[in-house]
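Survey of secondary and tertiary structure
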Amino acid sequence: PSILDRDKAVVSTQSTGEPTKDHTLSLLFRLPNGSRVTRAFLPEASVKELYEFAFTCKDAPNFFTLVTNFPKRILPAYDTAEVVLSCREVGLESSTTLFLQEEDSESEGSVSEAEM
């Protein structure tokens, strides 16, 4: 089922908990309204898990793409086969900032509640 078929509370309860701090990546999520949320992930966590966590953040838009700023990279979109790649495989390191770049509901590749 897609994420729009479920609400944020349901997705939040289905997500894996935050791992212990040993051997984790501390990632900072910047929402379009300027708020920030930090969470630890295992290097083996999939990009899909990042999208699902970001979607559950208060004030997260319904449609977004995850983007790093330095170096500028757009992470694989939620609805692509590459979303199963791990944080390590896409080159994320601890202390990376991920921006939730708001997308139009018509944009291909952006995450939406309907897709998660």
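Scope of this entry: the structure provided in the associated data block. None of these values were measured; they are calculated from a predicted model. (Residues numbered from 1 in each chain as written. Predicted model: local features only at pLDDT ≥ 70, side-chain atom pairs only at ≥ 80, totals over all residues. Heavy atoms only, no water.)

**Looking at unusual backbone geometry**
Stated precisely, the cut-off is as follows: Only runs of H or I of at least four residues qualify as helices and only runs of E of at least two qualify as strands under DSSP, and these elements are numbered from the N terminus. Under the scheme applied here, a residue whose accessible area is under 20% of the maximum for its type counts as buried, over 50% as exposed, and between as partly exposed, the area being computed with a 1.4 Å probe on protein chains only.
Cis geometry marks the peptide bond from Phe-70 to Pro-71; its omega dihedral reads -5°. One non-glycine residue, Asp-59, lies in positive phi territory at about 75°. Structurally, Asp-59 can be placed in the loop between α2 (47-56) and β3 (64-69). Residue class for Asp-59 comes out partly exposed when judged on its relative accessible area of 46%. Despite not being glycine, Ser-95 shows a phi value in the positive range, around 75°.

**Quick word on α2**
For α2, the tally of buried residues reaches seven of 10 residues, placing the bulk of the element in the interior. Among the residues of α2, those classed as buried are Val-47, Leu-50, Tyr-51, Glu-52, Phe-53, Ala-54 and Phe-55.

**Considering the nonpolar core**
Under the convention used in this document: Here, nonpolar core means buried Ala, Val, Leu, Ile, Met, Phe, Trp, Tyr and Cys residues that are tied together by side-chain atoms lying within 4.5 Å of each other. A contact between two residues is defined here by any heavy atoms of the two lying within 4.5 Å.
Counting residues in hydrophobic clusters, the biggest one holds 24 residues, and the most contacted among them are Phe-29, Leu-50, Leu-66 and Leu-75. Among the secondary structure elements, those contributing two or more residues to this core are β1 (25-30), α2, β3 and β5 (97-102). The element contributing the most residues to this core is α2, with six residues. Phe-29 has contacts with Ser-35, Arg-36, Val-37, Phe-41, Leu-50, Phe-53, Ala-54, Leu-66, Leu-98 and Leu-100, leaving out every residue within four places of it along the chain.

**Some thoughts on the pairing of strand β2 (residues 36-41)**
Which entries qualify depends on this criterion: At least two bridges found by DSSP between two strands is the condition for calling them paired.
Relative to β2, β1 runs antiparallel, the two sharing six bridges. Within β2, the position partnered with Phe-29 by the bridge is Val-37. Taking the residues between adjacent antiparallel strands as the criterion, β1 and β2 are bridged by five residues, where Gly-34 takes a positive phi near 95°.

**Observations regarding the sheet that holds β3**
Short version of the rule: Geometry is summarised by axes, namely lines fitted to C-alpha atoms with helices restricted to the contacting stretch, and by angles between N-to-C directions that run from 0 to 180 degrees.
In spatial order, the strands read β2-β1-β5-β3-β4; together these five strands make up an open sheet with mixed pairing. Each end of this open sheet is capped by a strand with a single partner; those strands are β2 and β4 (72-74). Ignoring strand direction, the axes of neighbouring strands in this sheet form an average angle of 30°. Sheet topology note: the β3/β4 ladder contains three bridges and is antiparallel. Among the inter-strand pairings, Val-67 is bridged to a residue of β4, identified as Ile-74. Lying over the sheet, α2 contacts β1, β2, β3 and β5, oriented at roughly 110° with respect to β3.

**Structural notes on the side chain of Ser-46**
Here Ser-46 is to be found in the loop between β2 and α2. With a relative accessible area of 13%, Ser-46 lands in the buried category. Residues contacting Ser-46, with those up to four places away along its chain left out, are Val-83, Val-84, Leu-85 and Ser-86.

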